[in-house]
Amino acid sequence: GQQVMQIPQYQHVQEGEDFTTYCNSSTTLSNIQWYKQRPGGHPVFLIQLVKSGEVKKQKRLTFQFGEAKKNSSLHITATQTTDVGTYFCAGRVNAGKSTFGDGTTLTVKP
Amino acid sequence: KAGVTQTPRYLIKTRGQQVTLSCSPISGHRSVSWYQQTPGQGLQFLFEYFSETQRNKGNFPGRFSGRQFSNSRSEMNVSTLELGDSALYLCASSLYQNEQFFGPGTRLTVL
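Given the structure is predicted, the values throughout are model-derived calculations rather than measurements. (Residues numbered from 1 in each chain as written. Chains lettered and ligands numbered in written order. Predicted model: local features only at pLDDT ≥ 70, side-chain atom pairs only at ≥ 80, totals over all residues. Heavy atoms only, no water.)

Visitor: Explain the overall build of chain A to me, please; I cannot follow it from the model alone.
Guide: Counting its secondary structure elements, chain A contains 0 helices and 11 strands. For chain A, the sequential pattern of α-helices and β-strands runs β-β-β-β-β-β-β-β-β-β-β. The C-alpha radius of gyration of chain A comes to 13 Å, within 12% of the 13 Å expected for a compact globule of 110 residues. Seen through its principal axes, chain A has C-alpha atoms that stretch 40 × 25 × 20 Å. Taken across its 110 residues, chain A has 47% of its residues classed as buried. Considering only contacts in chain A between residues 6 or more positions apart, those separated by 24 or more positions represent 54%. Entry remark: accessible area of chain A is about 5300 Å², with carbon and sulfur atoms responsible for 51%. (Helix = DSSP H or I, 4+ residues; strand = E, 2+ residues; numbered from the N terminus. Rg over C-alpha atoms; globule rule 2.2 N^0.38 Å. Buried < 20%, exposed > 50% of the residue type's maximum accessible area, 1.4 Å probe, protein only. Contact = heavy atoms within 4.5 Å. Areas by Shrake-Rupley, 256 points an atom, 1.4 Å probe, with all protein chains shown as cover.)

Given below as structure tokens:
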């Protein structure tokens, strides 16, 4: 079945450093979504990418969807303590189920 | 607009019992998905409902079932509980398979 792998599992950075998490799917995706879950909270939607090679930015966050629509990345520039949490990607094929990666947990040292 | 609500927020059950969890989606949302979240397994998809029809199902045993009512509210049921069913159960609603809005979850502990 469809698998979505996400790396790294954990990332510890110093405040001000950059952070990137990568998502790879075993199958070509129709779209990919990114979510952030703060400790003790629930996942919150960040963005959805649909087009091959799409790049979207939200302030310090940059999201990319690969040309083959099988991989994606989230890059945070100059991390802040408010960026702490677990970042999940979720891929969907057509009208199928949404498959989540295992997430990357980001900790930021002030 | 009110967010997704889930009840109860916490549950403690013993092995062999059954449990029913409830989810009320955002008004106007007709799609409801359920996920199981555990520290070691991440977010595992259980099922997705749209207009009272199950559209997708995850790889969980038949002890896990769900349904959606005409007002889009959804319930999931787990019968013959096992220790391994202890988890956070998250419900998410969406207009139609686009961005998902998650509820706060129901924390189930099976003793």
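Visitor: So what exactly am I meant to see when it comes to the state of the cysteines here?
Guide: Covalent bonding between the sulfur atoms of two cysteines defines a disulfide. All names here are of chain A. Scanning all chains against the criterion turns up 2 disulfides over all chains. At a sulfur-sulfur separation of 1.8 Å, the disulfide partner of Cys23 is Cys89. Judged by the torsion about the S-S bond (65°), the Cys23/Cys89 disulfide is right-handed. Placement of the pair is Cys23 in strand S3 (residues 19-25) and Cys89 in strand S9 (residues 85-92), with a sequence separation of 66 residues. As far as the burial class goes, Cys23 and Cys89 line up, both buried. (Disulfide = S-S within 2.5 Å.)

Visitor: What am I meant to see in the sheet that holds strand S7 (residues 64-68) of chain B here?
Guide: As a general point, the strands of a sheet are linked pairwise by backbone hydrogen bonds and lie either parallel or antiparallel. Residue and element names in this part refer to chain B. On the basis of which strands lie adjacent, the open sheet formed by 4 strands has the order S1-S3-S8-S7 and antiparallel pairing. What marks the edges here is a single partner per strand, and that holds for strand S1 (5-7) and S7. Mean inter-strand twist for the sheet, computed between neighbouring axes without regard to direction, equals 15°. Sheet topology places S1 next to strand S3 (residues 19-24); 3 bridges connect them, and they run antiparallel. Within S3, the residue paired with Gln6 across the bridge is Cys23. (Pairing = 2+ DSSP bridges. Axes fitted to C-alpha atoms, helices over the stretch in contact; angles between N-to-C directions.)

Visitor: When you look at the nonpolar core in this model, what are you seeing that I'm missing?
Guide: Nonpolar side chains in soluble globular proteins generally cluster together in the buried interior. Membership of the largest hydrophobic core comes to 21 residues, with the highest contact counts inside it found for B:Trp34, B:Leu46, B:Phe64, B:Met76 and B:Tyr89. Of all the secondary structure elements, the ones that give two or more residues to this core are S3, strand S4 (31-38), strand S5 (42-50), strand S8 (74-78), strand S9 (87-94) and strand S11 (106-110) of chain B. Formed by 19 residues, the second largest nonpolar core is a distinct cluster that contains A:Val4, A:Phe19, A:Leu49 and A:Phe63. (Core = buried A, V, L, I, M, F, W, Y, C linked by side-chain atoms within 4.5 Å.)

Visitor: Looking at this model, I keep getting lost on the pairing of strand S6 (residues 53-57) of chain B. Mind explaining?
Guide: On a regular strand, one side chain projects to one face of the sheet and the next to the other, so that they alternate. Residues and elements named next belong to chain B. Where S5 lies against S6, 4 bridges are found, and the strand directions are antiparallel. Among the inter-strand pairings, Phe47 is bridged to a residue of S6, identified as Lys57. Counting the residues that bridge the hairpin from S5 to S6 gives 2 residues, and of these Ser51 lies at a positive phi of roughly 50°.

Visitor: Even after reading the chapter, I still don't get the pattern of salt bridges, so can you show me in this structure?
Guide: For side chains bearing opposite charge, pairing can occur when the charged atoms are close. Residue and element names in this part refer to chain B. Tallying each qualifying case throughout the model produces 7 salt bridges over all chains. Note that Glu75 is salt-bridged to Arg67, the shortest N-O span being 3.3 Å. For Arg73, the salt bridge identified is with Glu75, shortest N-O distance 3.3 Å. Relative accessible area serves as the criterion here: at 16%, Glu75 is assigned to the buried category. When salt bridges that share partners are traced, they join Arg63, Glu82 and Asp85 into one network. (Salt bridge = Lys/Arg side-chain N within 4 Å of Asp/Glu carboxyl O.)

Visitor: What am I meant to see in the sheet that holds strand S7 (residues 61-65) of chain A here?
Guide: Residues and elements named next belong to chain A. Across the sheet, 5 strands lie side by side as S1-S3-S8-S7-S6; this open sheet has antiparallel pairing. What marks the edges here is a single partner per strand, and that holds for strand S1 (4-7) and strand S6 (55-58). Neighbour-to-neighbour, the strand axes of this sheet turn through a mean angle of 15°, independent of strand direction. The sheet contact formed by S3 and strand S8 (residues 71-76) spans 6 bridges and is antiparallel. Following the sheet pairing, Thr21 is matched in S8 by Leu74.

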